[in-house]
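If you want the building blocks of each chain, they are given just below.
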Amino acid sequence: MAKEGLDYFPLNCQVDEKIELIEADFGLKGFAIVVKLFQRIYGEHGYYCEWNDDIALLFARQNGLLNGGVNNLIQEVVSASIRRGVFDNDLYERYGILTSKGIQKRYLDAVSRRSQINLNKNYLLLNDGNFKGNVNIFEENVCRKEKNVCNSKQSKVEESKGKKINNMCKADALALFESLWKLYPNKKGKGQISEKTKLRIAEIGFEEMSRAIERYKKELDKDKDWRKPQNGSTFFNSGYVDYLDANYEESKSSPTKKNQFNSFGQHDYDFDSLEKELLGN
């Protein structure tokens, strides 16, 4: 099999404004996580990397960012990066991958001398003008995000029946999510919550999720000067986990340290030493 990834990739001294905004939101931790994501993309397939909850957990462990078994920082940075266009939202929603036009262009420039480059048509954001004779474009008929293999052997009657049942369940699940959304105090970022996430939240159940929201709101009421409510997208993508029945302790309902990165002073730290400390490199 032809080599896919790169041994190294360029990082400009003057970073894109989108990445500067990530650093403004999350401090040097946010910048370091984006760089680590670039390392994963360029080092793995070269022009994209897969991204889901399991991969995020392993990514956190590999980079020393696990916090009591649950860590929201990485997913918050990923969500913000998608929202700001560092990574393409459409391909993330459809296939569960992180990529962008710039990433793909830099990858093709870096591997231009290779005898053969294999690219998945479904993942491409570039037009034909960017491709040379050594590029082999293939199409993989698998919907990664929904984990549906399109080459199903079901009969048309069975497939139609299954779709009706699934659509009914999905409609109920999405309606349940809408009810939960109304309970949350900061109704921003709804477009950043995927259908898959809404269905996963529905599986938890209305009662437990409503309790999680109430617990979070109580923390806000106790410490109004400490922080503002997380955007709805942040809470429902990952923030709710700490407030579920199995993870929440009433005796520890005061603000935790998990979000203090929002306000640490960037000018007080040396980046090289801080990145090594945070990411274990």
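Owing to the predicted nature of the structure, the values given are computational and were not obtained by experimental measurement. Residue numbers restart at each chain and count upward from 1, following the sequence in its written direction. Local features in this predicted model are restricted to residues whose pLDDT is 70 or higher, and side-chain atom pairs enter the listing and the counts only when it is 80 or higher, whereas totals over whole chains, interfaces and linings include all residues. Side-chain calculation: all heavy atoms of the structure are included, whereas hydrogens and water are not.

Novice: Describe the environment of I137, with residues and values.
Specialist: To qualify as a helix, a DSSP run of H or I must reach at least 4 residues; to qualify as a strand, a run of E must reach at least 2; elements of each kind are numbered from the N terminus. For I137, the position within the fold is in strand β4 (residues 135-138). Between the alpha carbons of I137 and N120 there is a distance of 5.9 Å; along the sequence they are 17 residues apart. Contacts between residues were defined by any pair of non-hydrogen atoms, one from each residue, lying within 4.5 Å. Not counting residues up to four positions away in its chain, the partners in contact with I137 are L119, K121, L124 and F131.

Novice: Would you mind going over helix α7 (residues 195-204) in detail, with residue names and values included?
Specialist: Partly exposed residues are those whose accessible area sits between 20% and 50% of the maximum for their type, while under 20% is buried and over 50% is exposed, using a 1.4 Å probe and protein chains only. The set of residues buried in α7 consists of T197, K198, I201 and A202. Axial view of α7: buried residues confined to an arc of 140°, hence all on one face. Where α7 ends, the next residue or the one after it, G205, has phi of about 105°, a positive value. Directions pointing from the helix axis toward each C-beta atom define the arc.

Novice: I'd like to hear about the packing of aromatic side chains, residue by residue, with values.
Specialist: Here a ring pair, both rings aromatic, is described through the centre-centre distance and the interplanar angle of the planes. Any pair of Phe, Tyr and Trp rings, taking the six-membered ring for Trp, is counted once the centres come within 6.5 Å. Such a pair is stacked with planes under 30 degrees apart, edge-to-face with planes over 60 apart, and tilted for the rest. Overall, the coordinates contain 19 aromatic pairs when judged by the stated rule. Where W181 meets F236, the ring centres are 5.7 Å apart and the plane angle is 40°; that geometry is what we call tilted. Here W181 is found in helix α6 (residues 156-183), whereas its partner F236 is found in helix α9 (residues 232-237), with 55 residues between them in sequence. Neither W181 nor F236 differs from the other in exposure class; each is buried. Both rings, one in Y216 and one in F235, keep their centres 5.4 Å apart while their planes meet at 45°; by these two values the pair is tilted. Residue Y216 is found in helix α8 (residues 206-222), and its partner F235 is found in helix α9; the two are separated by 19 residues along the sequence.

Novice: With reference to specific residues and values, describe the packing of helix α1 (residues 17-44) against helix α5 (residues 101-110).
Specialist: Note on definitions: angles span 0 to 180 degrees between N-to-C directions of axes, and those axes are lines fitted to C-alpha atoms, for helices only across the stretch in contact. In contact at an axis separation of 11 Å, α1 and α5 are set at 45° when each is read in the N-to-C sense. By the angle between their axes, α1 is oblique relative to α5. When you trace α1 past α5, the crossing you get is right-handed. Across the interface between the two elements, F38, I41 and Y42 of α1 pack against G102, I103, R106 and Y107 of α5. For this scheme, ten residues count as nonpolar: Ala, Val, Leu, Ile, Met, Phe, Trp, Tyr, Cys and Pro. Four count as charged, namely Asp, Glu, Lys and Arg, and the remainder, Gly too, count as polar. Classifying every residue of the contact of α1 with α5 by side-chain character gives five nonpolar, one polar and one charged. The cut-offs work like this: below 35 degrees is roughly parallel, past 145 is roughly antiparallel, 65 to 115 is roughly perpendicular, and the gaps in between are oblique. Crossing handedness: left-handed means the near helix sits turned counterclockwise from the far one by under a right angle, and right-handed means the same turn made clockwise.

Novice: Mind laying out the nonpolar core, listing which residues take part and the relevant values?
Specialist: Here, the term nonpolar core denotes a set of buried Ala, Val, Leu, Ile, Met, Phe, Trp, Tyr and Cys residues that are joined through side-chain atoms within 4.5 Å. Counting residues in each nonpolar core, the largest one holds 46 residues, and the members touching the most others are F38, W51, F87, L98 and L119. Per-element tally for this core: the top contributor is α1, with 11 residues. Not counting the four nearest positions on each side in its chain, F38 is found in contact with F9, I19, G43, V86, F87 and I103. One finds L180, I193, Y216 and Y243 within the second-largest nonpolar core, a separate group that totals 17 residues.

Novice: Tell me about the packing of α1 against helix α2 (residues 53-62), and please be specific about residues and values.
Specialist: Running from N to C, α1 and α2 point in directions that differ by 115°, and their axes come no closer than 12 Å. Compared by their axis directions, α1 and α2 come out roughly perpendicular. Where α1 crosses over α2, the two elements pack in a sense that is right-handed. Contact with α1, carried on its side by I33, K36, L37 and R40, involves I55, F59 and Q62 of α2 and no other residues of that element. Split into classes, the residues belonging to the contact of α1 with α2 amount to four nonpolar, one polar and two charged.

Novice: Account for the environment of V111, naming residues and giving values.
Specialist: Mapped onto the elements, V111 comes out in the loop between α5 and β3 (117-120). A sequence separation of 65 residues divides V111 from G46, and the C-alpha atoms of the two residues are 9.2 Å apart.

Novice: Any details on the pattern of salt bridges? Residues and values, ideally.
Specialist: Within this document, salt bridges are pairs made up of a side-chain nitrogen of Lys or Arg and a carboxyl oxygen of Asp or Glu, the two lying within 4 Å of each other. Enumeration over the complete set of coordinates arrives at nine salt bridges. For D25, the salt bridge is made with R84, and the minimal N-O distance between the two is 2.7 Å. Remark: R84 occurs in the loop between α3 (73-83) and α4 (89-95) and D25 occurs in helix α1; sequence separation between them is 59 residues. Across the pair R211 and D245 runs a salt bridge, and its minimum N-O distance is 2.6 Å. Of this pair, R211 sits in helix α8 while D245 sits in the loop between α9 and α10 (271-279), and the two are 34 residues apart along the sequence.

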